[in-house]
Amino acid sequence: MTTSIRPPFVPPVRGDFASDFLWGSATSAYQIEGAALEDGRVESIWDRFCATPGKVADGATGAVACDHYHRWPQDLDLARSMGMQAYRFSIAWPRIFAKVGAAPNQKGLDFYSRLVDGMLERGLQPWATLYHWDLPQYLQDGGGWNARATVDAFLHYVDTVTRRLGDRVKHWITHNEPWCTAIIGNYEGLHAPGLTDFKTALQVCHHVLLSHGKAVPLIRANVPAAQVGIALSLHPLRPASASLEDAAALARHDGLRYRWFLDPLFGRGYPQATLDQVGAAAPTVEQGDMDAIAVATDFLGVNYYFPETVKDAPGHGPLEAAVAAPPLEAETTALGWPVAPEGLSELLLRIENDYHPGPIYITENGSCYDDEVGADGAVDDLARRAYLQRHLAALKDAIDGGVPVKGYFAWSLMDNFEWAEGYRRRFGLVHVDYATQRRTVKASGKWYGEFLLEK
Ligand code: IFM
């Protein structure tokens, strides 16, 4: 018998990455801004969902969140103090248009204009996400993303925002995680708008992808030297066992979870095997839609958290496949998500091999732990620090393996409203005490700062 001795883990240093590699962190509007009723903002589907009993843990809402709407200078100062070069944020559509046909709300546009100026003053490159799940409720009342008219409404919103900010914001992400918008929000019912209809979910997905495809040329027309992409949440997939049944289930799950998004974005249309499996739930696709979705982009955003283990599950959902819970002995975060840094390199190598998408940015990666402020005022989130270090090492492996990754955004700059989990789940490099709004840089944030400042 031979025993292998693993060398001790040595955290990466910034010099392991190219000098022009971009480092930052990410947030989204509904999760941090608060100020839900200020300056003309109207109700979003998340306000409505939060107000529905039983949908969000502890009855939490985004009404105040991190109060970033008022405290953004301090938050951007924190990002700068950690040596970040870029900041990924999202724009709240309900701050820009109060109803269909309304004139744009200047106060909402002014807020983002000030925010962008604040980033530039601090040397932070602004990366704007146009849709991170906070659809105006009035559009949901008209059918939401299930209605093709929402694509037109989105384009009008995109046109307005990119005209106003495009002189300063060059990096645009059309959508964050269409899977979550479509499937978690409209089939699993766990996110707003809380629907549970598979056909609706696939039509929503199609309209989201279509709106992405149609937005890209519009953004390019409005923004000189624009760089435009989309951010997908993706997982490497593993079969639950060596059985033929689990292998087949994995292939079915892969068709919807991975190829349903990447195939059309890279010009291959929806995967035929999955179309056959979903049958009558397949979306209505009009002539020209697939060409629009396949528009060339400047980068692909990849959000990575954990691998999924897939098992055959007769009777479970339209594809009869389920994601298995990790084994009890597996290392997991407080959300029960497996910790698997090698999954990041595996995923990136697969994407590069399957699609050659051009430049890739890790637009989200992070971990959830139950952090507490110690008696000394410090937050010693050593597990998150290790997660970050190990994932950056895995990222370097992928780059060394030939994947053109050009930047990394940690999720998240600070603790925030974690959707259906409310405030009990923390992902931040910075701790937020919601009672006082006090910010404390955690050990993970301190390490990220030392890494970026090469101390
Ligand atoms: O908080 C979310 C974010 O809004 C989208 N990606 C995953 C994060 C953690 O769940």
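Refer to the structure above for everything that follows.
Residues numbered from 1 in each chain as written. Predicted model: local features only at pLDDT ≥ 70, side-chain atom pairs only at ≥ 80, totals over all residues. Heavy atoms only, no water.

Attention shifts here to helix α5 (residues 106–121). With 16 residues, α5 ought to run about 22 Å at 1.5 Å a step, and its terminal C-alpha atoms sit 22 Å apart, in line with that. For α5, the complete set of buried residues consists of Gly-108, Leu-109, Phe-111, Tyr-112, Ser-113, Leu-115, Val-116, Gly-118 and Met-119. Along its buried surface, α5 packs onto α1 (29–32), α3 (68–81), β2 (86–90), α4 (93–96), β3 (125–131) and α7 (149–165). Just past α5, the residue Gly-123 takes up positive phi, approximately 75 degrees. (Helix = DSSP H or I, 4+ residues; strand = E, 2+ residues; numbered from the N terminus. Expected span 1.5 Å × (residues − 1). Buried < 20%, exposed > 50% of the residue type's maximum accessible area, 1.4 Å probe, protein only. Contact = heavy atoms within 4.5 Å.)

Turning our eyes to something else, we now look at the site of the ligand. Near the ligand, the surroundings consist of Gln-31, His-132, Trp-133, Asn-176, Glu-177, Tyr-305, Trp-337, Glu-364, Trp-411, Glu-418, Trp-419 and Phe-427. Within the contact set of the ligand, an oxygen atom lies 2.7 Å away from a side-chain nitrogen or oxygen of Gln-31. Trp-411 places a polar side-chain atom, nitrogen or oxygen, 3.3 Å from an oxygen atom of the ligand. Considered on its own, the ligand offers 280 Å² of accessible surface; in the complex 95% of this is hidden by protein. Looking at side-chain class alone, the shell around the ligand contains six nonpolar, three polar and three charged residues. (Near = heavy atom within 4 Å. Polar contact = N/O pair within 3.5 Å; in protein donor to acceptor, adjacent residues only side chain to side chain. Areas by Shrake-Rupley, 256 points an atom, 1.4 Å probe, with all protein chains shown as cover. Nonpolar A, V, L, I, M, F, W, Y, C, P; charged D, E, K, R; others polar.)

This part takes up the environment of Leu-388. Mapped onto the secondary structure, Leu-388 falls in helix α14 (residues 382–400). With relative accessibility at 5%, the residue Leu-388 sits in the buried group. Through-space distance from the C-alpha of Leu-388 to that of His-207 is 34 Å; in sequence the pair is 181 residues apart. Once residues within four sequence positions are removed from consideration, Leu-388 is found in contact with Tyr-408, Leu-429, Ser-444, Trp-447 and Tyr-448.

This paragraph deals with the pairing of strand β1 (residues 22–26). When you tally the buried positions in β1, you get five out of five residues, the bulk of the element. On β1, burial covers both faces: Leu-22, Gly-24 and Ala-26 on one face and Trp-23 and Ser-25 on the other are all buried. In terms of strand pairing, β1 meets strand β11 (residues 405–411) through five bridges, oriented parallel. Looking across to β11, one finds that Leu-22 is bridged to Gly-407. Inspection of the sheet shows β1 paired to β2 by three bridges, in the parallel sense. In the sheet register, Gly-24 faces β2, and the bridge partner there is Ala-86. (Pairing = 2+ DSSP bridges.)

Another point: the pattern of salt bridges. Under the criterion given, the structure shown has 30 salt bridges. Between Arg-384 and Asp-381 there is a salt bridge, with its nearest N and O atoms 2.8 Å apart. Across the pair, exposure class does not vary: Arg-384 and Asp-381 are buried alike. Two residues, Arg-424 and Glu-421, come together in a salt bridge whose shortest N-O distance is 2.9 Å. Its relative accessible area of 44% is what places Arg-424 among the partly exposed residues. Classification of Glu-421 by relative accessible area gives partly exposed; the value is 22%. One salt-bridge network, held together by shared partners, links Asp-371, Asp-381, Arg-384, Asp-415, Arg-426 and Lys-442. (Salt bridge = Lys/Arg side-chain N within 4 Å of Asp/Glu carboxyl O.)

This brings us to the sheet that holds strand β6 (residues 237–239). What the three strands build is an open sheet, ordered β6-β8-β9; its pairing is mixed. Edge strands, defined here as strands with exactly one partner in the open sheet, are β6 and β9 (321–323). The mean inter-strand angle of the sheet, taken between neighbouring strand axes irrespective of direction, is 35 degrees. Relative to strand β8 (residues 308–312), β6 runs parallel, the two sharing three bridges. Paired with Pro-239 across the bridge in β8 is Val-310. (Axes fitted to C-alpha atoms, helices over the stretch in contact; angles between N-to-C directions.)

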